[in-house]
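# Breakdown of the fold
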Amino acid sequence: MYFCAAFLLKEDKTIATQPVKRPFRGRVEKENPNRINDEIRGVNEVRLVGENVEQGIYSIKEALRIADEQNLDLVEISPSAVPPVCRIVDYQKFLYQKKRKEKEQKQNSKKIEIKEIRFGPQTDDHDYNFKLRHAQEFLKDGNKVKAYVFFRGRSIVFKEQGELLLARFATDLEDCGKPESLPKLEGKRMILMLAPKK
């Protein structure tokens, strides 16, 4: 095999082996949502609360001294109060717990979905009862129900039958849901919205 002579030469020691500097990506640090320590300005007194301090009103210098002694941060919790309310805590831990609480609240708050139930103007009793049971389950789960009668072709002449069907549907669901409005015709669909009873 033929090899290029450059591969056989020893490494050139004159090449600088300094690390390559990467360009600055322009990352901007977020501002703190609360004022902490020396950022708390324009006030003479603060109200201290928390587990590791005797609650009461302190001068800002005294509050900062207490926080410094405990190697913790003075965090302004309620800036609009007179005097402002502060807590002595580890700020990073405080932010972490705050984010966790918000995440838990988001998980606990259930999103309301809108479930659709479709009828024809001449739906028979078996189909009607089947769809009624589904609507009851949806409303008991806390979801809204959008019931509509779809008119295909010339079946629009049965508009009154659609109104009667939706009125019967709303009456049958009185125990677990309430209509948000009267049935209304939108194009080829007559729609009725039902919300769950609290």
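Residues numbered from 1 in each chain as written. Predicted model: local features only at pLDDT ≥ 70, side-chain atom pairs only at ≥ 80, totals over all residues. Heavy atoms only, no water.

### Notes on the overall build of the protein chain
We count it as follows: Only DSSP runs of H or I reaching four residues or more are called helices, and only runs of E reaching two or more are called strands; each is numbered from the N terminus. The cut-offs for exposure are 20% and 50% of the maximum accessible area for each residue type, with area from a 1.4 Å probe on protein chains only; residues under the lower value are buried, those over the upper are exposed, and the others partly exposed. The criterion used for residue contact is that any of the two residues' heavy atoms lie within 4.5 Å. Residue-level accessible areas treat just the shown protein chains as cover; the underlying method is Shrake-Rupley with a 1.4 Å probe.
When helices and strands are tallied, the protein chain shows five helices and nine strands. Mapped from its N terminus to its C terminus, the protein chain presents α and β elements in the order α-β-β-α-β-β-α-β-α-β-α-β-β-β. Out of the 198 residues belonging to the protein chain, those deemed buried represent 30%. Here the contacts in the protein chain between residues at least 6 apart in sequence split such that 57% fall between residues at least 24 apart. For the protein chain, the exposed area adds up to about 15800 Å²; of that, 51% sits on carbon and sulfur atoms.

### Some points on the layout of surface pockets
Here is the rule: Only protein atoms enter the 1 Å grid used here. Points where a 1.4 Å probe fits but cannot escape make up a cavity, open sets with protein on both sides within 12 Å along at least five of seven lines make up a pocket, and a residue lines them when an atom lies within 4 Å of a point. Grid points are joined across faces, edges and corners, and a volume is the space filled by probe spheres set on the points. In this classification, the charged set is Asp, Glu, Lys and Arg, the nonpolar set is Ala, Val, Leu, Ile, Met, Phe, Trp, Tyr, Cys and Pro, and all remaining amino acids, among them Gly, are polar.
Size it by volume and the largest pocket reaches roughly 340 Å³. In this structure, the largest pocket is lined by 13 residues; those nearest its centre are E51, R87, V89, F94 and Q97. Mapped by element, the contributors of at least two residues to the lining of the largest pocket are β4 (85-89) and α3 (91-108). Per element, the largest residue contribution to the lining of the largest pocket is five residues, and it comes from α3. Class assignment for the residues of the lining of the largest pocket results in four nonpolar, three polar and six charged.

### Considering the packing of aromatic side chains
Any pair of aromatic rings gets described here by the distance separating the centres and the angle formed by the planes. Spelled out, the test is: Any two of the Phe, Tyr and Trp rings considered here, Trp counted by its six-membered ring, make a pair once their centres fall within 6.5 Å; the pair's planes then place it as stacked at under 30 degrees, edge-to-face at over 60, or tilted in between. The rule for a charge over a ring is simple: NZ of Lys or CZ of Arg within 6 Å of the ring centre, and within 35 degrees of the ring normal.
If you walk through the whole model with that rule in mind, you get four aromatic pairs. A centroid spacing of 6.1 Å and a plane angle of 25° characterise the contact between Y91 and F94, whose relative ring orientation is stacked. Here F94 and Y91 lie together in helix α3, a separation of three residues that amounts to about one turn. Take Y91: its relative accessible area is 3%, and that puts it in the buried class. Between R118 and the ring centre of F150, over which it is positioned, the NZ or CZ distance is 4.7 Å. R168 extends its terminal NZ or CZ atom over the ring of Y128, reaching a point 3.8 Å from the ring centre.

### Examining the pairing of strand β9 (residues 189-196)
On any regular strand, side chains alternate: one points to one face of the sheet, the next to the other face. Selection rule: Strands pair, by our definition, only if DSSP identifies at least two bridges between them.
Judged by how many residues are buried, β9 sits mostly within the fold: seven of eight residues are covered. As defined by bridge partners, strand β6 (residues 144-150) adjoins β9 across six bridges and the pair is classed as antiparallel. Following the sheet pairing, F150 is matched in β9 by R189. Bridge analysis of strand β7 (residues 177-179) against β9 gives three bridges, and the strand direction is antiparallel. Opposite P179, over in β9, you have L194 as the bridge partner. Two strands pair when backbone bridges link them, and strand β8 (residues 184-186) and β9 are joined in this way by three bridges, in the antiparallel orientation. Bridge pairing in β9 links L185 to M190.

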